[in-house]
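# An overview of the molecular structure
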Amino acid sequence: MNAEREFRGSYWLETAPPGAAAPPPAGDLAVDVAVVGGGIAGLSTAWELVRQGREVAVLEAGRLAAGVTGHTTAKLTALHTLVYDHLRRTRGPEGARLYARSQSAAIRHAADIVEELDIDCEWEEAAAFTYAENPRRVGELRAEAEAAREAGLPAEFVTESELPFPLAGAVRVSGQAQFHPRKYLLALADDLRRRGGSVYEDTRVVGLTEGEPCVLSTDAGVSVRAREVVIATHYPVFDRALLFTRLSTRRELVVAGTIDEERAPRDMYITPEQATRSVRTAPLGDGERLLIVTGEHFTPGTADVEERFARLSAWADARFPKVSFTHRWATQDNDSTDSVPLVGPLHPGSRHTYVATGFGGWGLSGGIMAGRLLCDLVSGREVEWSGLYDPRRLASVVREGGTFLKHQGQVARHFVGDRILPLTGPAPENIPPGYGAVVRRGGAQWAVHRDEKGRLQAVSARCTHLGCIVAFNHAEQAWECPCHGSRFAPDGRILQGPAVRPLKKRDL
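As recorded in an unreviewed UniProt entry, the chain goes by FAD-dependent oxidoreductase and comes from Streptomyces shaanxiensis.

Listed below in structure tokens is the structure:
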């Protein structure tokens, strides 16, 4: 893939309708429930609550379904790579069964919503595969098929697929789905409004005071009073329980292009090999489908992203020759240290605040599951799998202590090491157009960028979340924090949380 070529961004954002206007609130608000975040978890939660007769306001910092949800590969499945054998060993057979039941229920629920609201979102039923090309992983796949089957999924071990290259083996689960996520969520938002709910875009929440009621404050100075608050911002922007110690952030790249329908795989495929490779297609019409290939996961701010895009493209070209790639984008995921999302009360003392995070790359089924679970918890109803996902759980954190310590070691290395290592980037006058570098000025580290017209601009290199030093992603033109994944535009504006404040401007 030629690094100089112009590619279009997310196919889901490009092809979805613009959606109804949702300007920020003109003044202070008072509602039953305030949901912070307008992605799949936030909108699913709000829609479920409105159906229960609650007065709900959704507060989205950008555009609805245009963040992580708008950059997903849009697979809706309960087969989450190699999770079931792990859960069987760490949470027992019952934990694995609850995980499978909750995720499968989310897929069925989404199908019911599509039918009920008559949503045109390119819904297709498909099988999901977790595969390997390396024969040494066959035992791992057989164990996963057995564990997934014990958990209640229609799983089987197979060696054949419709992919145009041989597999050593795969886990296959039928009855899964794929769809257009933004079309689905915009329809959900429209129905939410019809039922009396409110949606506000360009409304960044920067403060939370817990109480009765809770009070949220926005960057525009608006106050929102709510009996209950749900934080569904992918990575929690408020973290009273130090959940950031139990989450690691990874970025993953996507390339997409047109393929003839007769050559296009119709099922969904993923392998943990080669820093992940995921393949699926979406309908285009006129005898064509969109081939979507994902992989090359890495910690934000730590990779040569152009090189990673080229590597992913080369893999796709070798296996699907003569595909013209037209789109590329990236998505971001948060993994919990014990492999299970964190959905429930925000912290041990919570009475009216809830969180949904840590979906580990499976935020579509996870977000729909979270919407139903949080609606039940807010309404005072217990759900059989609420304990599995409860953010206050401690036993699993102890069991996964090695993963926890490894993650904290990586964060500490960036937090301390990036401050004391000598800067090897160019001086400001030597930064090429379109590039950025962290430079030292007067004992402080500045993030300096030169735009395509040759103009320099500088901001503080210290992330406003917890103070780690950012690095520049040339391919996506963004400053990225390697500790917790906050992302900023070259001028310091927030692109992605958990940061709620922009990088401070510096005068060159």
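### Some thoughts on the overall build of the chain
Each helix and strand counted, the chain has 11 helices and 25 strands in total. For 508 residues, the compact-globule estimate of 2.2 N^0.38 gives 23 Å, and the C-alpha radius of gyration of the chain, at 22 Å, lies within 12% of that figure. Scored against the burial criterion, the 508 residues of the chain give a buried share of 59%. Carbon and sulfur atoms make up 49% of the accessible area of the chain, which totals about 20,000 Å².

### Comments concerning the state of the cysteines
Applying the stated criterion across every chain, the model contains 1 disulfide. Across a sulfur-sulfur distance of 2.0 Å, Cys468 and Cys483 are joined as a disulfide pair. Across the S-S bond linking Cys468 and Cys483, the dihedral sits near -90 degrees, which makes this disulfide left-handed. Of this pair, Cys468 sits in the loop between β20 (456–460) and β21 (471–473) while Cys483 is found in the loop between β22 (478–480) and β23 (487–488), placing the two residues 15 residues apart along the sequence. Taking relative accessible area as the criterion, Cys468 reaches 1% and is therefore assigned buried. Looking at Cys214, it has no disulfide partner, and the nearest cysteine sulfur is the one in Cys375, 17 Å off. What makes Cys214 buried here is its relative accessible area of 1%.

### Examining the environment of Gly9
Examined against the element boundaries, Gly9 turns out to sit in the segment before α1 (11–15). Using a relative accessible area of 36% as the deciding quantity, one classes Gly9 as partly exposed. With 321 residues separating them along the chain, Gly9 and Ala330 place their C-alpha atoms 8.8 Å apart. In contact with Gly9, not counting residues within four places along its chain, are His327, Arg328 and Trp329.

### Quick look at the pairing of strand β14 (residues 288–298)
Counted residue by residue, β14 has 9 buried out of 11 residues, so it is predominantly covered. Two elements, strand β11 (residues 247–260) and β14, share 9 bridges in a ladder whose sense is antiparallel. From the neighbouring strand, Ile259 faces β14, where its bridge partner is Arg289. Taken together, the 8 bridges between strand β13 (residues 277–285) and β14 define a ladder with antiparallel strand orientation. Across the sheet, the residue bridging to Arg280 is Ile292, located in β14. Where β13 folds back on β14, the antiparallel hairpin that results is connected by 2 residues, among which Asp286 adopts a positive phi of roughly 55 degrees.

### Quick look at the pattern of salt bridges
Applying the stated criterion across every chain, the model contains 38 salt bridges. Across the salt bridge formed by Arg277 and Glu296, the nearest N and O atoms sit 2.6 Å from each other. Here Glu296 lies in strand β14 and Arg277 lies in strand β13, a separation of 19 residues in the sequence. Relative accessible area serves as the criterion here: at 2%, Arg277 is assigned to the buried category. For Glu296, a relative accessible area of 1% puts it in the buried group. Residues joined in a network through salt bridges with shared partners are Arg51, Glu116, Asp191, Arg194 and Arg195.

### Observations concerning the sheet that holds β20
With respect to topology, 4 strands assemble into an open sheet ordered β18-β19-β20-β25, the strand pairing being antiparallel. Because the sheet does not close on itself, it has two edges, and the strands there are β18 (436–441) and β25 (505–506). Strand direction decides the pairing type here: strand β19 (residues 444–450) and β20, joined by 5 bridges, are antiparallel. Opposite Ala447, over in β20, you have Val459 as the bridge partner.

### As for the sheet that holds β23
Taken in spatial order, the 4 strands line up as β21-β22-β23-β24 in an open sheet, and their pairing is antiparallel. If you trace the sheet from one side to the other, it starts and ends with β21 and β24 (494–496), each paired once. Across 3 bridges, β21 lies against β22 in antiparallel orientation. Within β22, the residue paired with Asn473 across the bridge is Ala478.

### Description of the packing of helix α4 (residues 92–117) against helix α6 (residues 181–194)
For any two helices packed against each other, one specifies the crossing angle of their axes together with the interaxial distance. Closest axis-to-axis distance for the α4/α6 pair is 11 Å, and the angle between their directions is 60 degrees. Taken as a pair, α4 and α6 cross one another with a handedness that is left-handed. Between α4, through Ala110, Ile113, Val114 and Leu117, and α6, the contact on the second element is made entirely by Tyr184, Ala187, Leu188 and Asp191.

### Structural notes on the side chain of Thr281
Considering the arrangement of structural elements, one finds Thr281 in strand β13. Residue Thr281 is classed as buried on the basis of its relative accessible area of 0%. A polar contact is formed between the side chain of Thr281 and the side chain of Arg289, at a distance of 2.7 Å. Thr281 has contacts with Glu124, Gln178, Ala264, Pro265, Arg266, Arg289, Leu290 and Leu291, leaving out every residue within four places of it along the chain.

### Observations concerning the nonpolar core
With 85 residues, the main nonpolar core has Leu76, Tyr84, Tyr184, Val343 and Tyr389 as its most contacted residues. Ranked by residues supplied to this core, first place goes to α4 with 10 residues. Setting aside residues no more than four positions away along its own chain, Tyr184 makes contact with Ile40, Ala110, Ile113, Val114, Ile119, Cys121, Phe179 and Ile368.

### Quick look at unusual backbone geometry
Glu212 connects to Pro213 through a cis peptide bond whose omega is 10 degrees. Along the chain, the position of Pro213 falls in the loop between β8 (205–209) and β9 (214–218). Omega for the peptide link from Gly497 to Pro498 comes to 25 degrees, which places this bond in the cis form. Position of Pro498 among the secondary structure elements: in the loop between β24 and β25. Despite not being glycine, Thr276 shows a phi value in the positive range, around 75 degrees.

### Details of a negative patch on the surface
A surface patch of negative charge is lined by Asp260, Glu262, Asp286 and Glu288. Along the polypeptide, Glu288 turns up in strand β14.

Conventions we followed
Residues numbered from 1 in each chain as written. Predicted model: local features only at pLDDT ≥ 70, side-chain atom pairs only at ≥ 80, totals over all residues. Heavy atoms only, no water. Helix = DSSP H or I, 4+ residues; strand = E, 2+ residues; numbered from the N terminus. Rg over C-alpha atoms; globule rule 2.2 N^0.38 Å. Buried < 20%, exposed > 50% of the residue type's maximum accessible area, 1.4 Å probe, protein only. Areas by Shrake-Rupley, 256 points an atom, 1.4 Å probe, with all protein chains shown as cover. Disulfide = S-S within 2.5 Å. Contact = heavy atoms within 4.5 Å. Pairing = 2+ DSSP bridges. Salt bridge = Lys/Arg side-chain N within 4 Å of Asp/Glu carboxyl O. Axes fitted to C-alpha atoms, helices over the stretch in contact; angles between N-to-C directions. Left-handed = near helix turned anticlockwise from the far one by under 90°. Polar contact = N/O pair within 3.5 Å; in protein donor to acceptor, adjacent residues only side chain to side chain. Core = buried A, V, L, I, M, F, W, Y, C linked by side-chain atoms within 4.5 Å. Patch = residues over 30% accessible without salt bridge, like charges linked within 9 Å, V, L, I, M, F, W, Y side chains within 5 Å. Lys, Arg positive; Asp, Glu negative; His and termini not counted. Charge placed at Lys NZ, Arg CZ, Asp CG, Glu CD.

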